[in-house]
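Coordinates in review
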Amino acid sequence: MTAYSLYLGCLVPTQFPYVERAVRDVLSSVGVETSEMIGASCCAPNRLFGVNEQTWLALNRRNFSLARGEILTVCDECFASLQDASLEIDGSGETLPPVKPFVAFLSENEKELGEKANELGLKCAIQHSCHLLRPSKVRKVDNPENPILMRNALDAIGCRSVKHDEELSCCGGQIVATSRVREVLAKRKISSAEGAGADCVVTTCAHCLLHLSDHSPRLPVVHLAQLYALALGSEPSAVGLTPELFERVARK
Amino acid sequence: MSERPRIGVFVCHCGKNIAGVVDPAAVVAAARRLQDVVFACANIYTCSESGQAELKKAIKEHNIDKVVVAACSPKMHEPTFRACVSDAGLNPYVVEMANIREHDSWVHMRQPEEATQKAMDLVKMAVAKARLLRPLEPIVVPVTRRALVIGGGIAGIQAALDIAERGHEVVLVEKSPFLGGKARMLDKTFPAVDCTSCFLSEKINKVLMNPRIRVLTLSEVTGVDGFIGNFKVRVKTRARLVNERCTGCGKCVDACPVEAPDEQNLGLSSRKAIFMVNTPSSRPCTRLPLDYHKEVHLARHSFSPRTAVIDSERCTRCGECANVCPTAAIELDQPDIEEQLDMGAIVVAIGFEMFDPRSKPQYGYSVYPDVLTSLELERLLHPMGPTHGQLLRPSDGTVPKRTAFIQCVGCRDDRANPYCARVCCMVTLKQAILLKENYPGTEVSVYYIDVRAGGKEYEAIYNKAKSLGVRFVRGRPSSVRERDGSLMVEAEDTLSGVRLEEGADLVVLATGLQPAEDTPKIAGMLKIPRDQDGFLMEAHIKLKPVETVIDGVTVAGSCSGITDIPMSIARGHAAAAKVLGLFSKEQIELEPITSFLDLEKCKGCYACTKMCPFQAIEAVERDGKKLVELVTSSCKGCGTCVAGCPFGALDQYHFTDEQIMAQIDAALEENPRDKIISFNCNWCSYAGADFAGVSRLQYPANTRVIRVMCSGRVSTKMIMRAFEKGAGMVLVAPCHPADCHYISGNEWAKKRVDALRTTLAKKGINPDRLWFVYVSAAEGNVYQGTMNKMNALLEKMKSGEVAWEGQVAGAPVAK
Amino acid sequence: MGGPSGGGSGGEVKRMAQELLKEGNAVRCFQCGSCTSACTVNSAAPEYNPRRLIEGILVTNTPPTYEDVWMCATCGLCLERCPREVSAMDIMLAARSLYLAGDSKIPKDRETMIESIVSTGYSVPVKGDIKKIRGELGLPDIRISAEDQAEITEEFERSGLLSLIRHRRGGGDER
């Protein structure tokens, strides 16, 4: 079975540790070995927010040196940042290990995971991370206009994806804190998902997770790994899915 | 030749094109110092009347017997100067050109000194070859005065009519069962917004009634051999499964149980596996009184042969049609027919196709039924179309109250077609006018980036559309989405900066136009290069806009670049004029640059017979001795056999081994280590290097190009000669694998280079000094890139970073 | 303290616009408006108009303002829809570092994240109880060693970013 270097990023290990638990559970359920990238720093997304490209590149050069083999990311912003850095450092892809986003891992192991997983029967509004899909010429992960990876991944655990008007739009998570646009976008998206009758919003990006859950008093926002872990038999509380979440009670 | 040759050198200023970078006086002075040069001068425009007069005068006054013209590319003016010296009494084949424009002044604009030095070298090389040039007599061949027209659209039809009306036979080959191409599918045409039928039916009828035009529908050209005046064309006609007893009664159509999408309606409606073919309908124009039209149209369309045709792919051979046919016209076991035709000239008029907007999924085409392409809308408006001319929404059959047109879908788009497709603005304006005139009160909005109305009477149509109340929004929509059951067009009104989300009942995508699907196949068959956008390349956009580099093959219509109907017809006329020009002679002359044989040296190894794709070399036995015999009339002059003969028994007129070696020696006489010898083939890489010049792509000035007809002419001996004389690097630049003008010359070139590279290190030559890069006629940038990369490596060798001899990992191979 | 948002010396502003011409394929833009029409931020804040900002660079030598460049959500829809492969997003990102090289600061929340990476390796605070929670979940310790931290900090020093930020500090304004 393949082994991956697990790149956790910042938000997941420090704010959403149960998402990390969920990821590890999913990986071990199909016998995937992971090596820890000890000492890895933040991936400095968007070229360190546009502030300094040199630092961004240096930090990620260092991150790559800590990997042993293919890197698996848990957050799509990390995926994009590492992939961009990789292209800049090594355009031909010969010297640096490849980087794989979590949803691609699920897609590749769909059969095995599908066989082992229970059906959850949830109606999920998918939050497609901008950084997973675009720019499509670079990312090459999924169809940017009609993405199917997450849809298929949910299907494998018996969940249905719910179509709504704001499905492909950006959550606003990378907009600076003082802008009220952040709030407008998140609220628009959550109300659209609620209006379509979703049980929860599902994402594979830690920034979407953080930003949308901050603006979703009723509708639970979860990482796809959490649903997968649940479907593969993990304890709901261990992976951050308390029964209350599903009864639409406020999180805080 | 006991006397020394008397060479005249003429250095052209070409206005400032050459003289702005290269110093012509210096080049003339250097030329004068060369052995056998008895005269050298500069001209401002050597190709002009006065320039040519000076040339002829000099020839006479100084008894010149060999001429070197240092000017533009020989692909531009070699014929001009050959004719000129011919006029002065010399054999046309004693002219050699030095390309100091496309290969020099235009690509070394910031290095005048190096460019001048290079020009001097190029002249030296040309003089070295000129010394050895011999007079040659052209090969005379007869002309078969029969023309093949590939494509039965408006341009092909026009060309066929012109040629036939002058008394020559024409075979018109059309893939579909219909004549008329895309024009046939249009209801009205711009700028007058008049019926297509008005002009098209008449032309189609004329074609069908002309006894000299043989129309082959359901037919395709499967192969072409031969040369100008003497083409051998293979045509395959698919079986119609219906014979000539068909009266067009139509009973078979009713009986047929199989349904298929109707291509004539772009799949918006269906037809049976058996269907009728006839000429465009007679729908009255809205402009003139109805009665008048009835008469005129009936008169025009009284000759409307209708026959049935069976779509053999969909037909299940159930035989129901045969059961009801009153004249036993159905023949389900009818075979396909293949025939070989002798033709003197070929007109390619294969037209264009529409961009498929499924590759722009943000517009919802094929997801939302009410998003259509402009051609589909045209079919909805056409009386023979799926809704009999009623504008109805595909989703619910109602008349749309708000129609949105989106321009530039799949054109002016780096992710689709970067060019502007020229006609879509006018198509939309025409359709917008039709909507407004026929459906009063309807709203029409056009979302555009620019409105391009550059033809005759076009701006007036734009004004008419505006006066009818068509709304123009300057902003390219980013997407079309469905919200609350309605289509929403999302665009920014860039003139005000306001973001819009506007509802529409029908969205029409004005899709761009692209080269026809068969273009690569036809281009490959005829050996016509394609330009960067995939269209067939004309020989020269201004000098020869309807001819191709293949003598005897012309292009008409949109296959060489999108154009409107008037221009397609004009190109049809022009192509026909070229054909008629050819047919005005009974014989023509071919370039005598063929191979020749020294029987004494031939050892009968037959290696050459395996290299010739034209069967121009035959293995024979004479008095028990194995020899070969040349079939000169089949020889295309590639020189592949010459380069492959281990005993030097073969050589090529006008490109002899001696001449080429002399060019190599001349190029490397001074500072050889600094130089790159580049063997370019006439059709691809020489033209590609020319194109780099035309595009003013700059690169270092140390390349010396040696022109051969085909990369197959480049022998191991030639490459080794270059290295022995001290060349820094050598480039062999052939056509891309499937594009060789002589079929397989480039394959042989690759074999020889690969084999040589393995032995170079042993000879003390770093194999990285020999490069092999595919360059097509349109790839000026690839040639420039290769020059830059080679020079980078050369610099490393000159600085000592990389060894001149020995092996280095990662030797560049063919890209 | 603000950035040269239209103010500053005219020469400086012009120079920034000239620099931005080289970014994100800006010179290919023919002002079709696909970017603005697709823009995430424009849908909520019509005053942020990427097409108009590029027009400024192309036509009037006017760079986008400091406020403008920090409004971009980096969602990439502009580049995705542009027929000329112009990336308004990359132009905004490039402008951010140009402003910083001028005399602007970084928005407070981003600066906090950067400082956090400098001192802890993570862009968000490692709160006290996270160790406990992780332990309970059976997750490995996430402390970054002092050696590793020194390496990380060094990258910020080497690029000069650290001193640039520290130099600018003072005043609670996020600009």
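**Here we look at the sheet that holds strand S10 (residues 213-216) of chain B**
All names here are of chain B.
- The strand order across the open sheet formed by five strands is S10-S7-S6-S18-S29, and the pairing between neighbours is parallel. Because the sheet does not close on itself, it has two edges, and the strands there are S10 and strand S29 (553-555). Each strand of the sheet is rotated relative to its neighbour by a mean of 20°, with strand direction disregarded.
- In this sheet, S29 lies alongside strand S18 (residues 345-348) in parallel orientation, the contact comprising three bridges. The partner of Ile346 across the bridge, within S29, is Val553.
- Contacts from helix H15 (residues 565-583) reach strand S6 (146-150), S18 and S29 within the one sheet, and its direction differs from that of S18 by about 175°.

**A short note on the interface of chain A and chain C**
- Every contact between the two is made by 51 residues of chain A and, on the other side, 54 residues of chain C.
- Between chain A and chain C, the buried area comes to about 4300 Å², and carbon and sulfur atoms account for 62% of it.
- One can count five salt bridges joining chain A with chain C.
- With its nearest N and O atoms 3.2 Å apart, the salt bridge here joins C:Asp148 to A:Arg62.
- One can count 21 residue pairs in polar contact (both at pLDDT 80 or more) joining chain A with chain C.

**Here's the deal with the confidence of the model for chain C**
Residue and element names in this part refer to chain C.
- On average, residues of chain C score 88 in pLDDT, and 91% of them reach the 70 mark or higher.
- Within chain C, the lowest mean pLDDT, 84, falls on helix H11 (residues 161-168), and the highest, 97, falls on helix H2 (residues 34-38).
- Every residue in residues 1-8 scores below 50 in pLDDT, and together they form 19 contacts with partners more than four places removed in sequence or on other chains.
- Every residue in residues 170-175 is under pLDDT 50, and counting partners more than four places away or in other chains gives 18 contacts.
- Scoring the predicted complex yields pTM 0.82 and, for the interface, ipTM 0.89.

**Here we look at the pattern of salt bridges**
- For the structure shown, the criterion picks out 74 salt bridges over all chains.
- One salt bridge in this structure joins C:Arg28 and B:Asp414, with 2.6 Å as the shortest N-O distance. You can see C:Arg28 sitting in the loop between helix H1 (10-20) and H2 and its partner B:Asp414 sitting in the loop between strand S21 (402-409) and helix H12 (424-438), one on each of two chains.
- For C:Arg28, a relative accessible area of 29% puts it in the partly exposed group.
- Judged by its relative accessible area of 29%, B:Asp414 is partly exposed.
- Taken together, the shared-partner salt bridges in this structure form one network comprising A:Asp165, B:Arg481, B:Arg483, B:Glu490 and B:Glu501.

**Details of the interface of chain A and chain B**
- Taken together, the contacts link four residues of chain A with five residues of chain B.
- Both faces considered, chain A and chain B share a buried interface measuring about 410 Å² in area, 42% of it formed by carbon and sulfur atoms.
- Contact with chain B buries area across many residues of chain A, yet A:Lys137, A:Glu145 and A:Asp165 alone supply 80% of it, more than any other trio.
- Applying the counting rule to chain A against chain B returns one salt bridge.
- The shortest N-O distance in the salt bridge between B:Arg483 and A:Asp165 comes to 3.6 Å.
- Counting across the interface, chain A meets chain B through zero residue pairs in polar contact (both at pLDDT 80 or more).
- By residue class, the composition of the side of chain A that touches chain B is no nonpolar, no polar and four charged.

**Looking at the side chain of B:Asn99**
Residue and element names in this part refer to chain B.
- Summarising the element assignment, Asn99 is placed in strand S4 (residues 95-99).
- Judged by its relative accessible area of 5%, Asn99 falls in the buried class.
- A distance of 3.4 Å separates the side chain of Asn99 from the backbone nitrogen of Arg101, its partner in a polar contact.
- A polar atom in the side chain of Asn99 sits 3.1 Å from the side chain of Asp690.
- What Asn99 contacts, discounting residues up to four positions off in sequence, is Ala71, Cys72, Ser73, Pro74, Asp104, Leu122, Tyr686 and Asp690.

Rules of the game
Residues numbered from 1 in each chain as written. Chains lettered and ligands numbered in written order. Predicted model: local features only at pLDDT ≥ 70, side-chain atom pairs only at ≥ 80, totals over all residues. Heavy atoms only, no water. Pairing = 2+ DSSP bridges. Helix = DSSP H or I, 4+ residues; strand = E, 2+ residues; numbered from the N terminus. Axes fitted to C-alpha atoms, helices over the stretch in contact; angles between N-to-C directions. Contact = heavy atoms within 4.5 Å. Buried area = accessible area lost by both parts, 1.4 Å probe. Salt bridge = Lys/Arg side-chain N within 4 Å of Asp/Glu carboxyl O. Polar contact = N/O pair within 3.5 Å; in protein donor to acceptor, adjacent residues only side chain to side chain. pLDDT = per-residue confidence, 0-100. Buried < 20%, exposed > 50% of the residue type's maximum accessible area, 1.4 Å probe, protein only. Nonpolar A, V, L, I, M, F, W, Y, C, P; charged D, E, K, R; others polar.

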